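# What the coordinates show
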Amino acid sequence: MKPNLQVDFAGISMKNPVLPASGCFGFGKEYSNYFDLNLLGGIITKAITKNPRLGNPTPRVTETTGGMLNSIGLANPGLELVIKKDLAYLENFDVPVIANVAGDTISDYCEVARILTENSKVQGLELNVSCPNVKTGGLAFGVEEKVLGELIREVRKVTSLPLIVKLSPNVTDIATLAKTAEDSGADALSLINTLLGMSINVHTRRPVLARKMGGFSGPGIKPVALRAVYQVAQAVRIPLMGLGGIFSGEDALEFIMAGASCVAVGTANFTDPQAMPRIICEMYAFMEKEGIQDLKEIRGSAHC
Amino acid sequence: MLLTVVYHKEIASGIFELTLQSETKLLVKPGQFLHVQVAPATEHVLRRPISIAEVKDKELTLLYQVVGKGTKALTRLREGAFLDALGPLGTGFPVEKTHSALLVGGGIGAPPLYELAKRLAKEGVKLTIALGFRTRELSFFIERFSALGEVLVSTNDGTLGAKGFITEQLPEEAEIVYGCGPLPLLRVLQNRYTRGYLSLEEHMACGVGACYGCTCGNEGKRVCLEGPVFPLKEVTL
């Protein structure tokens, strides 16, 4: 019997556990040229903010050993245009859409969340809490318990959709923040977001990125991401989406064994536009070979 | 797609000509680029965008300069090896049937102008091709361009052609200009001329328009998708 990759994640039914990570797939249109988006378990959109954002000055991407840095800065067309054009395009596909929400203030997050909740194509919201918070002098919402808790509680009031909180790894103890998110009303967690990093050009003697620092992603962060999922799986009961350096089916299965119910793939799409369909096939092949019928059999198996 | 290396030679100091064969004929516009994977993918996570210099039936020629880890690894490709590339990507230069045209290339910006020059010459457009290089050792393709039109050459140190920047050799007016090279060169072209196209470059990640890493100007246009070629006055440099 063919292995079953179907998952129910926080009430969202997915044909398989593989989704593109936010920011690495736009709103799907560009990569739809490379494979049928219907193959995916779901689609996580680029971060959506109330107003259009151009993002940071360039250069805002660069390769590093083990991955890359980005300081894109939440560039997106803004809520109104996203609904009119990008979400409308996704109506063509039979794939659940999780809208990633970002903002400068709690009220910004709430407004975006509230309006997206009314959109029939959106089946879940992912809260991007790595945005620098204007009120707390630039610290991200996701690094401080009180602020994180307040944000989630306020967003919770305006939406009944599955609410996934995307955790930042740039904290002392991610499990504490995970518990805060769970207690504040999150239905699920996705982890990890990028690691804060930088790269210096020895010829110009200056940082490569115009914004000096950026988010490090790619194969190099996988051990950190796995550790985070493993720790958080022991701290909370809500389901987890694991991401960070997934490039193969086996990478994805490591995250399932660490305790994740589904996974997201980001940087790998840039290396190989067909990374996700390939990863899905590799997962099937591994499960067939190892006699695993359902992901339930191996979810969290690393915890013994 | 997988391409096969059929020719790979260093043609100037640190500048290589790489000819690749495709299994099928490709539709390529001059100015488009290939997003090249440097093996192994785990060591070079991001692809390198390299402009297409020439198209001949199923063969594509790329010219690239060794500037870092990825381009250095590319030099190891032997004839017969496979190369994984996405593309052709991006917008190309429109081949406008004007009476004359001025093509301006700065350094390793020049290659995409070669295929453009071939197509313009085929349409009977009278070409002036201005090429600026840092020094003689870094010059290339001068003879090839000379077969298509009048060539002006300059080097910063005067070791070949006129001494100084190529912008100092340019005519005051041109019916249409096509430019590719460093930003200061493109700015001169944008200010001096009234009609034409500029090819930009920017650090890229996805190369297909999904990540918004390579934006330019004031409207955040993507160099990989809305570009790399932009109408002369339509991009803020």
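Look above for the structure.
In short, a report on the structure.

Reading guide: rules and limits
Residues numbered from 1 in each chain as written. Chains lettered and ligands numbered in written order. Predicted model: local features only at pLDDT ≥ 70, side-chain atom pairs only at ≥ 80, totals over all residues. Heavy atoms only, no water. Buried < 20%, exposed > 50% of the residue type's maximum accessible area, 1.4 Å probe, protein only. Helix = DSSP H or I, 4+ residues; strand = E, 2+ residues; numbered from the N terminus. Pairing = 2+ DSSP bridges. Right-handed = clockwise from strand over helix to strand, strands pointing away. Contact = heavy atoms within 4.5 Å. Buried area = accessible area lost by both parts, 1.4 Å probe. Salt bridge = Lys/Arg side-chain N within 4 Å of Asp/Glu carboxyl O. Polar contact = N/O pair within 3.5 Å; in protein donor to acceptor, adjacent residues only side chain to side chain.

## Digging into the pairing of strand β10 (residues 188-191) of chain A
Residue and element names in this part refer to chain A. Of the two faces of β10, both are covered, the one formed by Ala 188 and Ser 190 as well as the one formed by Leu 189 and Leu 191. With three bridges connecting them, strand β9 (residues 163-166) and β10 associate as parallel partners. Paired with Ile 164 across the strands is Ala 188, a residue of β10. On the question of chirality, the crossover connecting β9 to the parallel β10 by way of helix α4 (residues 174-184) is right-handed.

## Some words on the interface of chain A and chain B
Across the boundary between the two partners, chain A contributes 28 residues, which contact 28 residues of chain B. In total, chain A and chain B occlude about 2100 Å² of area from one another, counting both sides; carbon and sulfur atoms represent 60% of this. The largest per-residue losses of area from chain A upon contact with chain B belong to Glu63(A), Phe270(A) and Thr271(A), which jointly make up 28% of the total buried on that side. On inspection of chain A and its partner chain B, the count reaches three salt bridges. Viewed at the interface, chain B and chain A are joined by eleven residue pairs in polar contact (both at pLDDT 80 or more).

## Regarding the pattern of salt bridges
All chains considered together, the criterion is met by 22 salt bridges over all chains. In this structure, Asp108(A) and Lys50(A) form a salt bridge, with 3.8 Å as the shortest nitrogen-oxygen distance. Of this pair, Asp108(A) sits in helix α2 (residues 106-117) while Lys50(A) sits in the loop between β4 (43-44) and β5 (61-64), placing them 58 residues apart in sequence. On the accessibility criterion, Asp108(A) (16% relative accessible area) is buried. Put simply, Arg195(B) and Glu96(B) hold a salt bridge, and the shortest N to O gap is 2.7 Å. Residue Arg195(B) is located in the loop between α4 (183-192) and β12 (196-199), and its partner Glu96(B) is located in the loop between β6 (82-89) and β7 (100-106); the two are separated by 99 residues in the primary sequence.

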